[in-house]
Amino acid sequence: MKQWLQNNKGLLGALAVTVAFIAAECAVFYWKGGYLAALAPLALIAVWLFAVRFETGLLLMALLTPFAVNVALLPGMELSMPVEPMMILFTLMFFFRVLVSKSYDLRLLRHPVSLLLLATLVWWVVTSCTSRLPWVSFKYFIARIWFVVPFFFAAAQIFRNRDRIRQFFWAYAIGLGIVILIATTKTLGNFSDLQTLHRVMRPFYNDHTAYGCAIALMIPAAFYFIFSRGHSGWRRVLTLLLFAGLCVGLFFSYCRAAWLSVLGAIGVYVLVRMGMKVKWMVLLFGLGVGAFFMYQSEVLYKLGKNHQDSSYELADQVKSISNISTDASNVERLNRWASAMRLWKESPVLGTGPGTYQFIYGSYQRSYQLSTISTNSGNLGNAHSEYIGPMTEQGLPGVILVVALFLTTFATGVRVYRTARDPEVRHMALAFTLCLLTYYIHGVFNNFLDTDKLSVPFWAFTAAVVALDVYSEKLKTEN
């Protein structure tokens, strides 16, 4: 126990600060009221923490992220409270520390994943300058900066110590686990009302798709930690309980894309363990996509004959995945994709500008493609794809950079799994690579990297894969 306390001082410190923050917030709300007044204790604690315990600050943000809620502080300015102000402060503090100490490890910046991410950020600036709504695009770009800098560039260096990777995972998992417990409790007694089931995770997660995506993202790593040699006794029992809770939460999320993403990760895990090379996996996927477009008429005809709508019954919910005729969610997704393609054809290279799709796509809809939940107001999300969205907003180079970033990260994780000398490093790299893979698959149907709920674990897990690659000792010959 004493050794565990010593090894997890950062996580315990984050928990202690969280309790202190909640107590301070409650006191301010009770005596003063209002959101702005409640920022005072948060600001004081965050400034002190980031100055004195920088790494613990990262864990604290991970712990608080699942509980964050969107608050309109000023007209036209909405932030996820309390974490986004903390991210802004953390980003500024990180730049200050790097400029003063000049101690950032350049090996991390030279890594292919980092170079692709930097190229993506540069292209965001270019397309923001040519955007149809420049003010919207630059706000979107700046918001992405305080997601990427703390949880990728700062985290990658912090994750040189593998214990920090484990602590980060647990910090986010503890917060998410509490949200799952609350949502599952609210689910009981509402099994016959699918619309209620889709809202039980509010206000912490806006809808069941983001909630299910976050859970799916955690499952491969949770499974790995059950059998990790660093976990034994009561810690293994807690990990097993966490994994069971994640599975329950995933099931009751009724998110079909999340279910598919976990199944896809399991399939890829089997291929990796069989020794299949990454290039053959990519080729296999490409052949599948090519076959779909070659026979799309026949496929769409058969899919059009499916009229099973979303349901709280598992079998019916699975059947509804391929219903593109009457299922409102599926029909609306196809409507968003069709509108995005029309927009892209007008600006195939530079796109419409980052973050602009939801504000301009309304006039590009067609009446025969509208669903019962269609809207022109831009208040129900974006293009619903992590690939089509960037293609529309940042042109063809934008989607190429996204795909290249995802593929390079995946290839890096598999390479570490096959070349690292330490077995713990190998299996940890594969676990977090599979975590990211669930998002790559889910990204076909939704995009959540403009939110803190998914950006925090996504970029941190990407940083973990890069750190394991940079700082691990490799075998002399590849297997």
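Residues numbered from 1 in each chain as written. Predicted model: local features only at pLDDT ≥ 70, side-chain atom pairs only at ≥ 80, totals over all residues. Heavy atoms only, no water.

It is worth spelling out the environment of C129 at this point. Position of C129 relative to the elements: it lies in helix α7 (residues 112–129). The class for C129 is exposed, based on a relative accessible area of 55%. Between the C-alpha atom of C129 and that of P354, which follows or precedes it by 225 residues, the distance is 9.9 Å. (Helix = DSSP H or I, 4+ residues; strand = E, 2+ residues; numbered from the N terminus. Buried < 20%, exposed > 50% of the residue type's maximum accessible area, 1.4 Å probe, protein only.)

For any two helices packed against each other, one specifies the inter-axial angle together with the distance between the axes. At a closest axis distance of 12 Å, the pairing of helix α13 (residues 256–273) and helix α19 (residues 388–419) adopts a crossing angle of 45°. When the axis of α13 is compared with that of α19, the two are oblique. As for how α13 packs across α19, the hand of that crossing is right-handed. Contacts from V268, L271, V272 and R273 in α13 reach F410, V414, Y417 and R418 in α19. Residue composition of the contact of α13 with α19, grouped by class: six nonpolar, no polar and two charged. (Axes fitted to C-alpha atoms, helices over the stretch in contact; angles between N-to-C directions. Parallel < 35°, antiparallel > 145°, perpendicular 65-115°, else oblique. Left-handed = near helix turned anticlockwise from the far one by under 90°. Contact = heavy atoms within 4.5 Å. Nonpolar A, V, L, I, M, F, W, Y, C, P; charged D, E, K, R; others polar.)

Below, the discussion takes up unusual backbone geometry. In this chain, M81 is followed by P82 through a cis amide linkage whose omega measures 5°. Within the element layout of this structure, P82 appears in the loop between β2 (77–81) and α5 (83–101). Across the junction of R202 and P203, the peptide omega takes the value 5°, indicating a cis bond. Within the secondary structure layout, P203 lies in the loop between α10 (194–197) and α11 (208–227). For Y254, which is not a glycine, the phi torsion comes out positive at approximately 50°. In this fold, Y254 is placed in the loop between α12 (234–253) and α13. Classification of Y254 as buried rests on a relative accessible area of 3%.

What follows concerns the environment of M93. For M93, the position within the fold is in helix α5. Using a relative accessible area of 18% as the deciding quantity, one classes M93 as buried. Between the C-alpha atoms of M93 and A51, which are 42 residues apart in sequence, the distance is 7.8 Å.

Another point: the nonpolar core. In terms of nonpolar packing, the biggest core is built from 128 residues, with F159, F168, F169, Y205 and F432 touching the most fellow members. If we skip the residues at most four places from it in the chain, F432 touches I165, F169, A221, F225, F461 and V465. Counting residues in hydrophobic clusters, the runner-up holds nine residues, among them W337, L343, I360 and Y364. (Core = buried A, V, L, I, M, F, W, Y, C linked by side-chain atoms within 4.5 Å.)

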